[in-house]
Amino acid sequence: MADGQLEIDTSSVLDNIDAELVEFTGEVDGDDYEFAVQYDLLEALSGDRPDGDAVDMFNRFIDQVTEAALSALGRNSDANPIVVSESDLE
């Protein structure tokens, strides 16, 4: 499942500050999935905790986030949303 390409719908990217998640919809092999990237993953990539700039961090590290999201999808494609965490970084 995680062998496909993930195409992120950039218009769906949303910073859920209360839950400390960046949420988005992505398409893999013609199927849509809801993803939620934990702030911890963004902090691991940037070295800084998101502080009102989580979407900017998300966009800055989009390639690494995409790979981690594919890893999370392969781990649990039935989750809704698919939570992408620091442990999904390779």
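S.K.: In this structure, what is going on with the packing of aromatic side chains? I would like to understand it.
M.R.: Describing an aromatic ring pair means giving the distance of the ring centres and the angle of the ring planes. The final tally for this structure, using the stated rule, is 3 aromatic pairs. A centroid spacing of 5.3 Å and a plane angle of 55° characterise the contact between F24 and F58, whose relative ring orientation is tilted. Of this pair, F24 sits in strand 3 (residues 21-28) while F58 is found in helix 2 (residues 54-60), placing the two residues 34 residues apart along the sequence. A relative accessible area of 1% means that F24 is categorised as buried. Exposure remark for F58: the relative accessible area of 0% places this residue in the buried category. Each residue in the set F24, Y33, F35 and F58 is aromatic and connected to the rest through ring pairs, giving one cluster.

S.K.: How should helix 1 (residues 39-46) be read in this particular structure?
M.R.: Every α-helix winds through 3.6 residues per turn, so residues three or four apart in the chain are directed the same way. The set of residues buried in helix 1 consists of Y39, L41 and L42. All buried residues of helix 1 fall inside an arc of 155° around its axis, so they share one side. Residues of helix 1 that are buried make contact with strand 2 (14-16), strand 3, strand 4 (31-38), helix 2, helix 3 (62-75) and strand 5 (82-84). Of the residues flanking the end of helix 1, it is G47, one or two places downstream, whose phi is positive at about 90°.

S.K.: When you look at the side chain of D88 in this model, what are you seeing that I'm missing?
M.R.: Relative to the helices and strands, D88 is located in the segment after strand 5. Within the structure, the side chain of D88 is placed 2.8 Å from the side chain of R75, a separation counted as a polar contact. In this structure, D88 is in contact with A68, S71, A72, R75 and V83, ignoring residues within four places of it in sequence.

S.K.: I would appreciate a short explanation of the side chain of T66 in the present structure.
M.R.: Among the secondary structure elements, T66 is positioned in helix 3. For T66, a relative accessible area of 16% corresponds to the buried category. Excluding residues that lie within four positions of it along the chain, T66 makes contacts with L6 and I8.

S.K.: Before we go on, may I ask you to explain the packing of helix 1 against helix 3 in this structure?
M.R.: Helix-helix packing is characterised by the crossing angle of the two axes and by the distance between the axes. Packing of helix 1 against helix 3 leaves a shortest axis separation of 11 Å and a crossing angle of 135°. One way to sum up the angle between helix 1 and helix 3 is to call them oblique. Handedness of the crossing formed by helix 1 with helix 3: right-handed. Across the interface between the two elements, L41, L42 and L45 of helix 1 pack against Q64, V65 and A68 of helix 3. By residue class, the composition of the contact of helix 1 with helix 3 is 5 nonpolar, 1 polar and no charged.

S.K.: Help me understand a negative patch on the surface in this model?
M.R.: Residues E7, D9, E27, D29, D31, D32 and E34 make up a contiguous surface patch of negative charge. For the negative patch, the leading source of residues is strand 4, giving 3 residues. You can see E27 is positioned in strand 3.

About the thresholds
- Residues numbered from 1 in each chain as written.
- Predicted model: local features only at pLDDT ≥ 70, side-chain atom pairs only at ≥ 80, totals over all residues.
- Heavy atoms only, no water.
- Phe/Tyr/Trp six-rings, centres within 6.5 Å; stacked < 30°, edge-to-face > 60°.
- Helix = DSSP H or I, 4+ residues; strand = E, 2+ residues; numbered from the N terminus.
- Buried < 20%, exposed > 50% of the residue type's maximum accessible area, 1.4 Å probe, protein only.
- Arc of directions from axis to C-beta.
- Contact = heavy atoms within 4.5 Å.
- Polar contact = N/O pair within 3.5 Å; in protein donor to acceptor, adjacent residues only side chain to side chain.
- Axes fitted to C-alpha atoms, helices over the stretch in contact; angles between N-to-C directions.
- Parallel < 35°, antiparallel > 145°, perpendicular 65-115°, else oblique.
- Left-handed = near helix turned anticlockwise from the far one by under 90°.
- Nonpolar A, V, L, I, M, F, W, Y, C, P; charged D, E, K, R; others polar.
- Patch = residues over 30% accessible without salt bridge, like charges linked within 9 Å, V, L, I, M, F, W, Y side chains within 5 Å.
- Areas by Shrake-Rupley, 256 points an atom, 1.4 Å probe, with all protein chains shown as cover.
- Salt bridge = Lys/Arg side-chain N within 4 Å of Asp/Glu carboxyl O.
- Lys, Arg positive; Asp, Glu negative; His and termini not counted.
- Charge placed at Lys NZ, Arg CZ, Asp CG, Glu CD.

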